[in-house]
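Report on the structure
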Amino acid sequence: MPKATSAILAERILGLLPSDGTPVLNRVMRVMLSRELGETVTEERYAEARSVLLAKGRIGRLRGQGGQIFLDKPGVPCQRSESPEEISAWSESKLMTHLGRYLNGPFKKGLDIPKSGACVVEDTSKMGPSRGRWARPDYILVSAMRFEFMPGAQVDVHSFELKAETGATDLAVYEALAQTRFTHFGHLVWHLPERSPAQARLQEITEQCDEHGIGLIRIYDDPNDIENYEVILDPVRKATLPSAVDGFLELRLNQSHRDQIKRAINGE
Amino acid sequence: MSGKVIAVANMKGGVGKTATVVGLAETLAASGRTVLVIDLDAQANASICIAGDAMLTDLIRRQCTFESFLNDFLHKRSTISFDNCIRSNVSNVTHLGNQLPLSLLASGPALRDLELKLVYVLTRKRMSWEQIVEALWGLMKIQLQRSRKSFDLVVIDCAPGISILTEVSIRLADLIIVPTIPDFLSTFGLEAFCINMWERGLNGKTKAPKHLPHVLATRCRQINIHRDTIGVLREEAKGAKAPFRMFATTIPETIAIADALGKIEKYPPFSSKWTPAVVTILTDLATEIQGTLNGN
């Protein structure tokens with residue numbers, strides 16, 4: 001069966017976009033098109049069809065992020081509150097809140113900690129020795145649980161190093177790795193929009209993370225959307241000395257989180 | 001490509017057949033394999049979980065389902081082809097930015113009635129149960145021989161109980177997976193079911209299945225009865241004359257799986273849909289299955 005032409009793809013895109021101007025991620029639109037047509041729509045074919053619509057002024061796009069398109073109808077106000085310039089500037093500090101939401105939501109849920117256990121997330125980006133090199137993860141997540149029959153408790157500490165679009169280099173991987181001096185699992189979190197030129201580094205960064213047992217979480221496009229977080233690699237547990245972990249937690253956890261973890265460890 | 005066929009079957013309902021089919025199919029697809037899911041359960045749960053409500057409604061309306069094909073064949077109309085009922089690019093899930101390479105041969109609620117009608121019509125023509133199964137198996141084999149070339153794996157979701165379509169699926173399969181909750185009632189009759197399936201495979205013109213049925217412990221909880229039952233099943237599976245083998249991987253009872261199956265209206269990345277913990281388990285299972293199919 002012949003594949004749909006750019007003109008047909010463009011028409012389908014217009015039909016699929018919400019009429020109120022709500023933007024749709026390129027990743028999602030490509031899946032919607034593939035499902036509708038029953039054929040794989042490659043990034044190249046999609047980009048071609050989108051270019052046709054952009055040239056005609058039928059759709060708008062969120063530049064910088066490069067990830068979303070919306071129906072551009074005269075007289076219909078756009079549903080976005082931020083201007084494209086604002087959205088394109090996803091600095092680490094702007095990404096922090098969204099990452100915190102993801103860690104406290106789906107990531108935590110995925111760990112499947114029993115009700116009797118505890119799991120806390122702490123923003124540690126501004127804590128720690130000012131001269132200490134690579135000793136300040138952006139977030140840490142601490143989980144504690146007791147076993148049903150076995151004595152003792154299991155405590156796992158995850159550290160997260162957040163990088164904006166242009167910030168992820170091999171040094172970022174080593175930074176995440178260095179943080180496992182004090183934690184069991186190191187993660188690199190990278191905001192990498194779909195059409196970003198930085199995508200060219202993805203394979204290298206993935207391989208570096210894999211080699212060092214560092215987890216890699218990619219944030220596609222809009223960090224507001226929880227669906228845009230993808231775990232590309234799971235980290236490998238490091239045999240970090242309990243004394244190093246203990247000292248680290250003592251300095252980083254706030255009192256409430258300390259109490260929660262202690263209660264879970266003591267089975268209270 | 002000539003896709004290996006995996007049938008997921010059990011007499012008992014509610015043991016996690018559909019969850020196994022959907023989770024396994026998406027995991028295999030995320031690892032780059034092209035996968036076809038054939039839904040032979042009239043409840044159409046696998047079809048809904050993979051294609052979503054709206055697309056399934058459309059497929060039923062346009063008569064692009066297995067029962068439409070079967071009905072057409074029964075009436076000797078030859079207007080609906082098997083291949084045309086296979087819907088490609090059905091998945092709403094992405095992995096590394098791309099849609100999962102998943103296709104679906106959906107079923108609908110009319111399948112159960114059609115199966116009964118089939119038995120009624122053919123027994124009136126003095127065909128025995130075995131002959132009906134044989135005939136349907138022949139039909140499916142010819143259709144699948146053509147279609148499976150486009151896929152690395154074909155996963156069949158069988159309806160609970162023993163039906164003609166389940167028997168046909170078992171005969172077609174390179175590997176039969178029997179999901180089972182590791183408790184007394186769920187495993188009651190498991191051995192008989194496995195022996196029965198194995199013997200059915202030996203009937204007629206078919207060769208003996210290459211692999212014994214493989215039991216997969218599902219919906220496992222950290223309770224004694226589950227741990228003990230898994231232990232007993234593992235011991236049984238080790239025997240030289242064991243009627244089944246057992247996967248090392250077990251599927252836990254977790255809310256993440258129930259949540260994942262309900263994500264039909266969104267477009268989640270694969271690892272977000274299943275959560276990292278479940279993805280690890282499903283990947284282990286997929287690796288074991290590949291190993292079994294490769295004869296390791």
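Above this note sits the structure.
Residues numbered from 1 in each chain as written. Chains lettered and ligands numbered in written order. Predicted model: local features only at pLDDT ≥ 70, side-chain atom pairs only at ≥ 80, totals over all residues.

To continue, consider the overall build of chain A. Scanning chain A for helices and strands turns up nine helices and nine strands. Every one of the 268 residues in chain A was classed for burial, and the buried ones make up 39%. Of the contacts formed within chain A by residues at least 6 apart in sequence, a portion of 65% connects residues at least 24 apart. (Helix = DSSP H or I, 4+ residues; strand = E, 2+ residues; numbered from the N terminus. Buried ≥ 20, exposed ≤ 12 C-beta atoms within 10 Å, placed from the backbone. Contact = placed C-beta atoms within 7 Å.)

Moving on to the interface of chain B and chain A. If you look at the interface, chain B gives 22 residues, while chain A gives 20 residues. Per element, the largest residue contribution to the side of chain B that touches chain A is six residues, and it comes from helix α13 (residues 270-293) of chain B. Among the residues forming the side of chain B that touches chain A, the class breakdown is eight nonpolar, 12 polar and two charged. (Nonpolar A, V, L, I, M, F, W, Y, C, P; charged D, E, K, R; others polar.)

Residue and element names in this part refer to chain B. With mixed pairing, the eight strands of this open sheet are ordered in space as β3-β6-β2-β7-β1-β8-β9-β10. Edge positions in the sheet fall to β3 (86-87) and β10 (245-246), since each of these pairs with one other strand and no more. Of the pairings in the sheet, the one linking β3 to strand β6 (residues 102-105) comprises two bridges and is antiparallel in character. Counterpart to Arg87 in the pairing with β6 is Leu104. (Pairing = 2+ DSSP bridges.)

We now examine helix α1 (residues 17-30) of chain B. The terminal C-alpha atoms of α1(B) lie 20 Å apart, and with 14 residues this matches the ideal 20 Å at 1.5 Å per residue to within 8%. Phi turns positive, to about 100 degrees, at Gly32(B), one or two residues after α1(B). (Expected span 1.5 Å × (residues − 1).)

Residue and element names in this part refer to chain A. Across the sheet, six strands lie side by side as β4-β5-β6-β7-β8-β9; this open sheet has mixed pairing. Across the chains shown, the open sheet's two edge strands, defined by having one partner strand only, are β4 (118-123) and β9 (229-233). Pairs of neighbouring strands in the sheet enclose a mean axial angle of 20 degrees, with direction left out of account. The pairing of strand β7 (residues 185-191) with strand β8 (residues 215-219) spans five bridges and is parallel. The partner of His191 across the bridge, within β8, is Ile219. (Axes fitted to C-alpha atoms, helices over the stretch in contact; angles between N-to-C directions.)

This paragraph deals with the nonpolar core. Generally speaking, nonpolar side chains in soluble globular proteins are found buried as a group. Residues Ile6(B), Ala7(B), Ala25(B), Val35(B), Val37(B), Val155(B) and Ile156(B) are the most contacted members of the largest nonpolar core, which totals 87 residues. Broken down by element, this core gets its largest block of residues, nine residues, from α13(B). Core analysis: the next-biggest nonpolar cluster, separate from the first, contains 61 residues, Phe70(A), Val121(A), Val189(A) and Tyr267(B) among them. (Core = buried A, V, L, I, M, F, W, Y, C linked by C-beta atoms within 7 Å.)

Taken by themselves, the reported measurements are silent on function.
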